[in-house]
Amino acid sequence: IYRKAASPPLSTFVLLGPSGAGKTAFLSLVESSSLYKAKTPSHSTHTSQTSTSTTVTLPPSVPIFSNRYRSVNDPSLPDAKRNAVKYVLRDTPGHGKLRSAQLTQLQTELSSKSKKEASSICGIIFFVDAASLVEGAENLRDYAGYLYDILLVLQKIVLSKGKLSKKAGTNFPILVAANKQDLFTALPPGSVKQKLESEIDRIRQTRQKGLLDASANPEHDEDGEEVLGGDGDKFTFHGLEDDIGVKVDVVGGFAKAENEKDGVSATGIRKWEEWIGSCL
Ligand code: GTP
Ligand code: MG
C-alpha cells in the first residue's frame, strides 16, 4: 500500500561527556524500553572504547515538536507502533585520550557545507556525573574542559558557516544531563549549571591570557586559535545562545534503573526524553 520513498536519515543525538558519567547506561535504558528491540544484548556499562549508533524510539506518551498540536486522544493517530518516533543515539567513549577523535568527527560532520552530505546530527547530550562534583575541583575542571572544547568546535562552525541548527528559526540544542540524581550526594541541576558556567569562564580567561602572551611573541603563529565567546562579559549559557545560537539546557535525571526486580524503570530519564522530543 505504501510506496517507499527514500526516507531522510533519522535524527541523531550524540552522547558526549566524561567517562563514567552514564552515557551507556542511558542508552541501555532507552533501548530496553524501545519498541525496536536490538538483536544484540544490551550494552554493558564498561568503559566504552568505540562509538556506536543505535536506533531507538521515543515512548508514545512523549510529545514531539513537529506534532505538538495533536492531542494524544486524536483518533486519526495510527496505533502506537506505527506512530513511534525513531531516532538514533550515538554513544561515544568519554576517556580523555579518546576525546579529540570525538571532537574531530563532530567538526567534520557538522561543518559539511553541501546539502546532500548535511549532517543528521540534531543535537548533543552532554552527560555529567552530578554526584562526583562534590569531591573537589578536579572533576569540574575536567568536565568543563570537555564541554568548552565542544562549544569551541560549534563556535568555529558557526563563524565559518553561519548557522548550525537544522530547523529555521531555532538554535542548535545541547542538553547537559546532570546524571545520578538518585544519589543523595548529587548536586541539583541548577548548581551543576552554575559550576560549569563559572569554570568555563575561568578556562576562557586562561586561554585568552595565553593567546595574548603568545601574540607578544613575534614567532607565534595565531592561525586557528580562538577563545570561546565574545570578550568582556562573564561566560553564561544564555550569552552563548545570543552569540552563536547554541542553546544549552541543564536537566537532572538518573540513568540507572534502581528497582531492578520491578523491571526497568525509565522515570529518571523522562525529562531527557521530553527534551529529545522537543527537538524532533
Ligand atoms: P564511558 O563509556 O567510560 O565514557 O562511561 P559512560 O558515560 O558510558 O558511563 P556508564 O554508562 O558506563 O556508567 C558508569 C557507571 O555509572 C556504571 O557503573 C553505571 O551503572 C553507573 N551509573 C550510570 N548512571 C547512573 C545513575 O543515574 N545513578 C547511579 N547511581 N549510577 C549510575
Ligand atoms: Mg560508555
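The sections below set out a description of the structure shown in this document. Quantities reported herein were computed from a predicted structural model and do not represent experimental measurements.

## Structural notes on the overall build of the protein
Scanning the protein for helices and strands turns up 7 helices and 6 strands. Listed by position from the N terminus, the elements making up the protein come as β-α-β-α-β-α-β-α-β-α-α-β-α. Sorting the 280 residues of the protein into buried and exposed places 41% on the buried side. A sequence separation of at least 24 residues applies to 78% of the contacts in the protein between residues at least 6 apart. Per element, the accessible surface of the protein, about 15,500 Å² overall, is 52% carbon and sulfur.

## A closer look at the sheet that holds strand 2 (residues 52-57)
One open sheet holds the 6 strands; their spatial order is 2-3-1-4-5-6, and the pairing between them is mixed. On the outer flanks of this sheet lie strand 2 and strand 6 (246-252), each paired with one strand and no other. For this sheet, the mean inter-axis angle between neighbouring strands, taken without regard to orientation, is 25°. Here 7 bridges tie strand 5 (residues 172-179) to strand 6, and the two strands are oriented parallel to one another. The residue bridging L175 from the neighbouring strand is D249, located in strand 6. Strands strand 1 (12-16), strand 4 (121-129), strand 5 and strand 6 of the sheet are contacted by helix 4 (residues 137-161), whose axis makes an angle of about 165° with strand 4. Running over the sheet, helix 7 (residues 270-279) touches strand 1, strand 3 (86-91), strand 4, strand 5 and strand 6 and is turned about 175° from strand 5.

## Let's talk about the packing of aromatic side chains
Counted under the stated rule, the structure contains 7 aromatic pairs. Consider the rings of F26 and F127, whose centres lie 5.3 Å apart with planes at 45°: the pair is tilted. Within this pair, whereas F26 is found in helix 1 (residues 23-32), its partner F127 is found in strand 4, the two being separated by 101 residues in sequence. Comparing F26 with F127 shows no difference in burial state: the two are buried. Overall, the relative accessible area of 0% leaves F26 in the buried class. Grouped by ring-pair contacts, the aromatic residues F13, Y87 and W275 constitute a single cluster.

## Some words on the pairing of strand 1
Most of strand 1 is tucked away, with 5 of its 5 residues classed as buried. Of the strand pairs in this sheet, strand 1 and strand 3 are connected by 4 bridges, and their pairing is parallel. Across the sheet, F13 pairs through a bridge with L89, a residue of strand 3.

Rules and cut-offs
Residues numbered from 1 in each chain as written. Chains lettered and ligands numbered in written order. Predicted model: local features only at pLDDT ≥ 70, side-chain atom pairs only at ≥ 80, totals over all residues. Heavy atoms only, no water. Helix = DSSP H or I, 4+ residues; strand = E, 2+ residues; numbered from the N terminus. Buried < 20%, exposed > 50% of the residue type's maximum accessible area, 1.4 Å probe, protein only. Contact = heavy atoms within 4.5 Å. Areas by Shrake-Rupley, 256 points an atom, 1.4 Å probe, with all protein chains shown as cover. Pairing = 2+ DSSP bridges. Axes fitted to C-alpha atoms, helices over the stretch in contact; angles between N-to-C directions. Phe/Tyr/Trp six-rings, centres within 6.5 Å; stacked < 30°, edge-to-face > 60°.

These figures come from the coordinates and say nothing about function on their own.
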